[in-house]
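Topology and contacts: notes
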Amino acid sequence: MDMTFLLQLLINGLVVGSIYSLVATGFVIIYKATSALNLAQGEFLMVGAYICLNLLTKHNVPFFQSFLITLVFSALLGLLIERTILRPLIGSHLISVIMVTLGLGSILKALLQMAYGTSTIPFPEVFPSTPVRIGPIPVSQGYLYALVCVSILVTLLTLFFKYAKAGVAMRATASNQQVALSMGISVKKMFALAWSISAVVSAVGGILLGTIRGGVDMSLAFMGLKVLPVVILGGLDSILGAIVGGVIIGILENLSGGYLDPLVNGGIKEVAPYIALILILMFKPYGLFGKRKIERV
Amino acid sequence: MQCGDFNTSYAADMTIFDTRSTRILVFLFVCLLFSVPFYSTSYLLDVGNRIGIAIIGAIGLNILTGFTGLISLGNAAFMAIGAFSAGYLGIRFGLPFYLCIPLAGMVTAIMGMVVGIPSLRIKGLYLAMATLAAHFIVEFLIIKWESVTGGVAGLTMPTPTMGTIALDNDRKIFYLIYIVVVAAVLFGRNLFRTKPGKAFIAIRDQAISAEVMGVNLLKYKLMSFGISSYFVGTAGALMAYQAKIISPETFPITVAIDQLGMIIIGGMGSILGSIFGAVFITLLPELLRLVTTAMSASYPQLVTVFSSLKELVFGVLVIVFLIFEPSGMAARWHSIKNYWKLYPFSH
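What you see is a predicted model; the values in this text were computed from it and never measured. (Residues numbered from 1 in each chain as written. Chains lettered and ligands numbered in written order. Predicted model: local features only at pLDDT ≥ 70, side-chain atom pairs only at ≥ 80, totals over all residues.)

Some words on the overall build of chain B
On a plain count of helices and strands, chain B comes out with 16 helices and four strands. Taking 2.2 N^0.38 as the reference for a compact globule, 347 residues should give roughly 20 Å; the C-alpha atoms of chain B span a radius of gyration of 21 Å, in line with that estimate. Its C-alpha atoms put chain B at 60 × 55 × 45 Å along the principal axes. Among the 347 residues that make up chain B, the fraction classed as buried is 47%. Partitioning the intrachain contacts of chain B with sequence separation of at least 6 by distance along the chain shows that 75% fall at a separation of at least 24. (Helix = DSSP H or I, 4+ residues; strand = E, 2+ residues; numbered from the N terminus. Rg over C-alpha atoms; globule rule 2.2 N^0.38 Å. Buried ≥ 20, exposed ≤ 12 C-beta atoms within 10 Å, placed from the backbone. Contact = placed C-beta atoms within 7 Å.)

Right, dumping it as structure tokens:
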């Protein structure tokens, strides 16, 4: 095995991993603020990708504008979902919240299937296709743009949670709802905000994945399940953990795909993150950066 | 007609079918059920068989999730383990089906307990994630372990035979499945009159108090995983005999989600609810198919979106039930029954 191959795998892993980070951040935001496990994250991602694709190809809107319209749409979708579906379930049993997101996922997926069919739709080329050479390795420009885009978004989110009033209020809600309420923070608004931010970052992830893969189809939904190993590795309630975890899982996936797949005729790439999930749960269940508050009963 | 409870012993209080009329009605219902194959078409029998298998699986899941409070998204994988163990035992060792099915259940129960071990360390949503991961790992192993599972191509099941009787059509399989269903329902109902069953409920309601009361959490959580997986594995084995060909694609993650939907819609923590949910969710696509074919003359595009339509309706139903009737159809059934029991004088 030569170095170029390894580096190529590392770069692929880094780029895919950064998108995992983004989607996982959306997941963690919802979990932190509302303690709901959103298993429809992958469908959020798909909605973003399909809406943007639709604007680009059917309505010939330039990429930047369609990107922004998609984000606005996703934000509204997040608000709508929180208001109609999640709010009545505040305080109900965990299984209800898990199941409601699974139901939501199947609704979103079904609607997309009805509108766009199940076959892969090619994504128009947004970024120039000539690869850039970094040292000896050719890297496609789409990858670089994706990486830049993710970094900007993650920085913005970090700044938002650190300095913006709403961001601080959200953190307060996450740490203690009762106290947050007594400080005059509207917990309901924070829940709505969490869902809408999460929908927006997932949509960005979806669009980036669409441009990188060159097409969108129903398999994008599985990306939503890939965030589970990521958030478990990083710690369920840590945004930093989601970012680091995403990159690690992306790299792990690509390395195992590159080195182990030839040995067993493929398939390792897809299960490696889940094997990692089980191992992490066994040995470090609170993840790298999560709060150690798992009850051992 | 019963308008109140007057029991003079604990045994009378614990009885499953409390009045003579209930007992007669249940007996008549079972007789009716077993006479179904004489007059139904093979399509209806096929649907009926799938309902039976779904009932067994849903009872299994309900024991774990509804009664013990441990969330499992790995049910499709457990069904697959049951199906492929039955297939392997039947093909490789030529065992008859009446040994294969219980043995497949045992294998699944052991696997279930292995997956259940982390449930002692982790709970709630972590367990949901661990079982989901287990699903993908099992799926991968089934595809790769070709010498046992036949890989992607899967296995073709031998015809189940007992002596000279070959269960070679849906009608005969129907009896096999429904005998198991009746046994499963009775076992399920009785389980929660026994010590382990009550321990499960105690763990669900408040694990720490249960431990203080002397419930051994390790033992009973593993037992719950074992019993639940035994049911699910049996359902998988029956499915193998019913479908005749099994492959890894027979058990996608959506099977597990459907089963969770069954117990949500039917009623968590209720054996009757598992039955309602299984019947309802299995009939749902068939009903939708009827409607879409009927309307296909005027809306031809409906047929092409059929599978999405099924998912859409499933999702909507799950959400509607969770919001408006979280205790499921079983609770609705009880309230309707109670209303009519005292009919003009209910208060």
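Considering the overall build of chain A
Across its full length, chain A holds twelve helices and four strands. A globule of 297 residues ought to have a C-alpha radius of gyration of about 19 Å, and chain A, at 19 Å, matches this closely. Along the first, second and third principal axes, the C-alpha set of chain A runs to 60 × 50 × 35 Å. When each of the 297 residues of chain A is scored for burial, the buried share is 48%. Looking at chain A alone, contacts between residues at least 24 apart form 75% of all its contacts between residues at least 6 apart.

Some points on the interface of chain B and chain A
Listed by partner, the interface residues are 38 residues for chain B and 38 residues for chain A. Breaking the side of chain B that touches chain A down by element, the ones donating at least two residues are α6 (125–144), α10 (207–212), α12 (253–266) and α15 (306–324) of chain B. Element by element, the count of residues in the side of chain B that touches chain A is highest for α6(B), at twelve residues. Here the residues of the side of chain B that touches chain A are counted per class, giving 30 nonpolar, four polar and four charged. (Nonpolar A, V, L, I, M, F, W, Y, C, P; charged D, E, K, R; others polar.)

Structural notes on the packing of helix α3 (residues 42–67) of chain B against helix α8 (residues 170–191) of chain B
Residues and elements named next belong to chain B. Running from N to C, α3 and α8 cross one another at 25 degrees; their axes reach a closest spacing of 9 Å. Taken together, α3 and α8 sit at an angle that is classed as roughly parallel. The hand of the α3/α8 crossing is left-handed. Together, Ser 42, Leu 45, Asp 46, Gly 48, Asn 49, Gly 52, Ile 53, Ile 55, Ile 56, Ile 59 and Ile 63 of α3 and Asp 170, Arg 171, Ile 173, Phe 174, Ile 177, Tyr 178, Val 180, Val 181, Ala 184, Val 185 and Gly 188 of α8 make up the contact between the two elements. In the contact of α3 with α8, the residues fall into 14 nonpolar, five polar and three charged. (Axes fitted to C-alpha atoms, helices over the stretch in contact; angles between N-to-C directions. Parallel < 35°, antiparallel > 145°, perpendicular 65-115°, else oblique. Left-handed = near helix turned anticlockwise from the far one by under 90°.)

Re the confidence of the model for chain B
In regions of low pLDDT, the predicted coordinates are not meant to be interpreted in detail. The pLDDT averaged across chain B works out to 87; a share of 98% of its residues lies at or above 70. For this predicted complex, the interface confidence reaches an ipTM of 0.87, while the overall pTM sits at 0.88. (pLDDT = per-residue confidence, 0-100.)

Regarding the packing of helix α1 (residues 3–34) of chain A against helix α5 (residues 141–163) of chain A
Any two packed helices are characterised by how steeply their axes cross, that is the angle between the axes, and by the distance between the axes. Residues and elements named next belong to chain A. Following both chains from N to C, one finds α1 and α5 inclined at 35 degrees, their axes separated by 10 Å at the closest point. Viewed along their axes, α1 and α5 form a crossing whose handedness is left-handed. On α5, the residues touching Ile 11, Val 15, Ser 18, Ile 19, Ser 21, Leu 22 and Thr 25 of α1 are Tyr 143, Ala 146, Leu 147, Val 150, Leu 153, Val 154 and Leu 157. Residue composition of the contact of α1 with α5, grouped by class: eleven nonpolar, three polar and no charged.

Remarks on helix α6 (residues 165–175) of chain A
All names here are of chain A. The set of residues buried in α6 consists of Ala 169, Met 170, Thr 173 and Ala 174. All buried residues of α6 project into a common sector of 140 degrees when viewed along the axis, lining one side. Opposite the buried face of α6, at more than 90 degrees from it, the exposed residues are Lys 165 and Ser 175. Along its buried surface, α6 packs onto α1, α5, α7 (177–182) and α8 (187–213). (Arc of directions from axis to C-beta.)

Side note on the environment of A:Ala49
Residue and element names in this part refer to chain A. With respect to the helices, strands and loops of the structure, Ala 49 is situated in helix α2 (residues 41–58). The spacing of Ala 49 and Phe 161 is 112 residues in sequence and 26 Å in space, taken between C-alpha atoms. The residues contacting Ala 49, other than those within four sequence positions of it, are Gly 206, Ile 207, Leu 209, Gly 210, Val 216 and Leu 220.

Concerning the confidence of the model for chain A
Averaged over every residue, the pLDDT of chain A is 85; the share at 70 or more is 98%. Predicted confidence in chain A is weakest over strand β2 (residues 132–134) of chain A, with a mean pLDDT of 76, and strongest over helix α3 (residues 63–86) of chain A, with 90.

Description of the environment of B:Arg50
Within the element layout of this structure, B:Arg50 appears in helix α3. Separated by 110 residues in the primary sequence, B:Arg50 and B:Pro160 place their C-alpha atoms 17 Å from one another.

Quick look at unusual backbone geometry
With the exception of glycine, the majority of residues adopt a negative phi angle, and the majority of peptide bonds are in the trans configuration. Here A:Asn60, not a glycine, exhibits a phi torsion of approximately 50 degrees, which is positive. Tracing the sequence through the fold places A:Asn60 in the loop between α2 and α3.

Structural notes on the environment of A:Leu14
All names here are of chain A. Tracing the chain through its elements places Leu 14 in helix α1. Sequence separation between Leu 14 and Ala 49 is 35 residues; the distance between their C-alpha atoms is 21 Å. In this structure, Leu 14 is in contact with Val 247, Gly 250 and Ile 251, ignoring residues within four places of it in sequence.

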